[in-house]
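Now for the letters of each chain:
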Amino acid sequence: PPSEPPIVVLVVDDEPLTGQVLKRMLLGSPGFRLYHCADAAAARELAKEICPTVILQDFQMPELDGIAMVKAFRADPATRDVPLVLLSSEEEPAVKAAAFAAGADDYLVKFPDRVEMLARLHHHARSYAGNLARQEQVWQLEDSKIKLAEEGRFVRETFGRYLSEAVVERLLDSPEGLRLGGETRKVTILMSDLRGFTSMSERLPPADMMRVVNNYLTVMTDIVVRHGGTIDEFIGDAILAIFGAPVQRDDDAARAVACALDMQRAIAEVNAKN
C-alpha cells in the first residue's frame, strides 16, 4: 500500500532551544518533518511554502503576542484550517480560554511528555487529513452540480427551440436520453414544403423573403412542438420533423398526421400576415 504522507510540523518560536527540544522528541519517530522559524512574519510565508500539517506556536513572541499570532494564522487562507497548538509556560485557565477563543486547537505547557506530544500530533494530523478529504469530496460534488447545471442549460438552449418542454425535461431526467451511438427505432417522418417558394424567391427582395420565411417557420415550429414532434432541420422553406424520437409514443404516426393537418390549416394565417 502507498505510504502515508509525512506529518509536516511548523514550529514558531523565537528560542532555538525549543526547536532542538522538539526535534529530539520527534527523533526516532518516522513520518515527521520538522521546520523551525523564529520570526512571526516569516513563519506565515514559510507556512504557505511547506503546507504544514500541524503548527506548534510559542505563546510569547517578540513581535506579536500568542493570541495575535493565532488570529493572524486563522485570518490567512493558507493556514486557516491547519491545526494550531500553542506552547506556553502559562498554566492559567484564563490564558488557555483566550487561546481557544482566538482559534487554537490545542494548548500544551512546555514541555509535555514525549508520548503525549506524539499522540497529540498524530491526532491533529489525522483530523486535518480527514477534513481535507471531506472538503475535496464537497468540492467534487459542487463541481459535479455545476457541470450538470451547465449540461442542462446546454440541452435547454439547444433543444428548447425545437422540442416541447416535456420532451426536454425527459431528456434531462433520463441518463440514457443523450447517449451517443444511436439506436434502431421505428419513427414517423414529416416533411413540409412551401408550394411556389422558388418562383417567389426570384421575385421578392431578400429582406422581404426572409420575413416571409421567418413568419412561416415560426408558426409551423410551434405546431410541430405542440404535437410532440422533433424538428430535425430546416432546409430553406422545408421542415423535416420526426415523431418517435427522442421520445417514442404509441400514437406517433397519428400525431404526425394531425400535425400535418394543423400545418395546412395554419397556412391561411401565415398568408394573411404575409
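Residues numbered from 1 in each chain as written. Predicted model: local features only at pLDDT ≥ 70, side-chain atom pairs only at ≥ 80, totals over all residues. Heavy atoms only, no water.

1. Points about the packing of helix H8 (residues 206-226) against helix H9 (residues 252-273)
Piece 1. At a minimum axis separation of 10 Å, H8 and H9 run at an interaxial angle of 155°. The angle between H8 and H9 places the two elements in the roughly antiparallel class. Handedness of the H8/H9 crossing: right-handed. In this structure, H8 uses Asn215, Tyr216, Val219, Met220, Ile223, Val224 and Arg226 to contact H9, whose residues at the interface are Cys259, Asp262, Met263, Ala266, Ile267, Glu269, Val270 and Lys273.
Piece 2. Of the residues in the contact of H8 with H9, the class split is ten nonpolar, one polar and four charged. (Axes fitted to C-alpha atoms, helices over the stretch in contact; angles between N-to-C directions. Helix = DSSP H or I, 4+ residues; strand = E, 2+ residues; numbered from the N terminus. Parallel < 35°, antiparallel > 145°, perpendicular 65-115°, else oblique. Left-handed = near helix turned anticlockwise from the far one by under 90°. Contact = heavy atoms within 4.5 Å. Nonpolar A, V, L, I, M, F, W, Y, C, P; charged D, E, K, R; others polar.)

2. Side note on unusual backbone geometry
Piece 1. The residue Cys51 is not glycine, and still its phi comes out positive at about 50°.
Piece 2. For Cys51, the position within the fold is in the loop between helix H2 (40-50) and strand S3 (54-58).

3. Let's talk about the environment of Leu10
Piece 1. Tracing the backbone shows Leu10 in strand S1 (residues 7-12).
Piece 2. It is 8.0 Å that separates the C-alpha atoms of Leu10 and Gln57, two residues lying 47 residues apart in sequence.
Piece 3. Setting aside residues no more than four positions away along its own chain, Leu10 makes contact with Tyr35, Cys37, Ala43, Leu46, Ala47, Ile50, Pro52, Val54, Ile55 and Leu56.

4. Comments concerning the pattern of salt bridges
Piece 1. As enumerated under the stated definition, the model contains nine salt bridges in all.
Piece 2. For Lys48, the salt bridge identified is with Glu45, shortest N-O distance 3.7 Å. Here Glu45 and Lys48 lie together in helix H2, a separation of three residues that amounts to about one turn.
Piece 3. Arg74 is paired through a salt bridge with Asp105; the nearest N and O atoms lie 2.6 Å apart. In this pair, Arg74 is assigned in helix H3 (residues 66-75) and Asp105 in the loop between helix H4 (93-102) and strand S5 (106-109), connecting sequence segments 31 residues apart.
Piece 4. Put simply, Glu45, Lys48 and Asp76 are held in one network by salt bridges that share partners. (Salt bridge = Lys/Arg side-chain N within 4 Å of Asp/Glu carboxyl O.)

5. Some words on helix H1 (residues 16-26)
Piece 1. Thr18, Gly19, Leu22, Met25 and Leu26 are the residues of H1 that are buried. Projected down its long axis, H1 carries its buried residues within an arc of 120°, all on one side. Seen from the buried face of H1, the exposed residues on the opposite side, beyond 90 degrees, are Pro16, Leu17 and Arg24. (Buried < 20%, exposed > 50% of the residue type's maximum accessible area, 1.4 Å probe, protein only. Arc of directions from axis to C-beta.)

6. Let's talk about the sheet that holds strand S2 (residues 32-37)
Piece 1. Here five strands make up an open sheet; going across it, the order is S2-S1-S3-S4-S5 and the pairing parallel. If you trace the sheet from one side to the other, it starts and ends with S2 and S5, each paired once. For this sheet, the mean inter-axis angle between neighbouring strands, taken without regard to orientation, is 20°.
Piece 2. Bridge analysis of strand S4 (residues 84-88) against S5 gives four bridges, and the strand direction is parallel. (Pairing = 2+ DSSP bridges.)

7. Some points on the sheet that holds strand S7 (residues 230-235)
Piece 1. The strand order across the open sheet formed by three strands is S6-S8-S7, and the pairing between neighbours is antiparallel. Every other strand in the sheet has two partners, leaving strand S6 (188-192) and S7 as the edge strands with one partner each. Averaged over neighbouring strand pairs, the angle between their axes works out to 15° when direction is ignored.
Piece 2. Sheet strands in contact with H8 are S6, S7 and strand S8 (238-243), and its direction is about 160° off that of S7.
Piece 3. Against the sheet, H9 makes contact with S6 and S8, and its axis sits at roughly 10° relative to S6, the strand it touches most.

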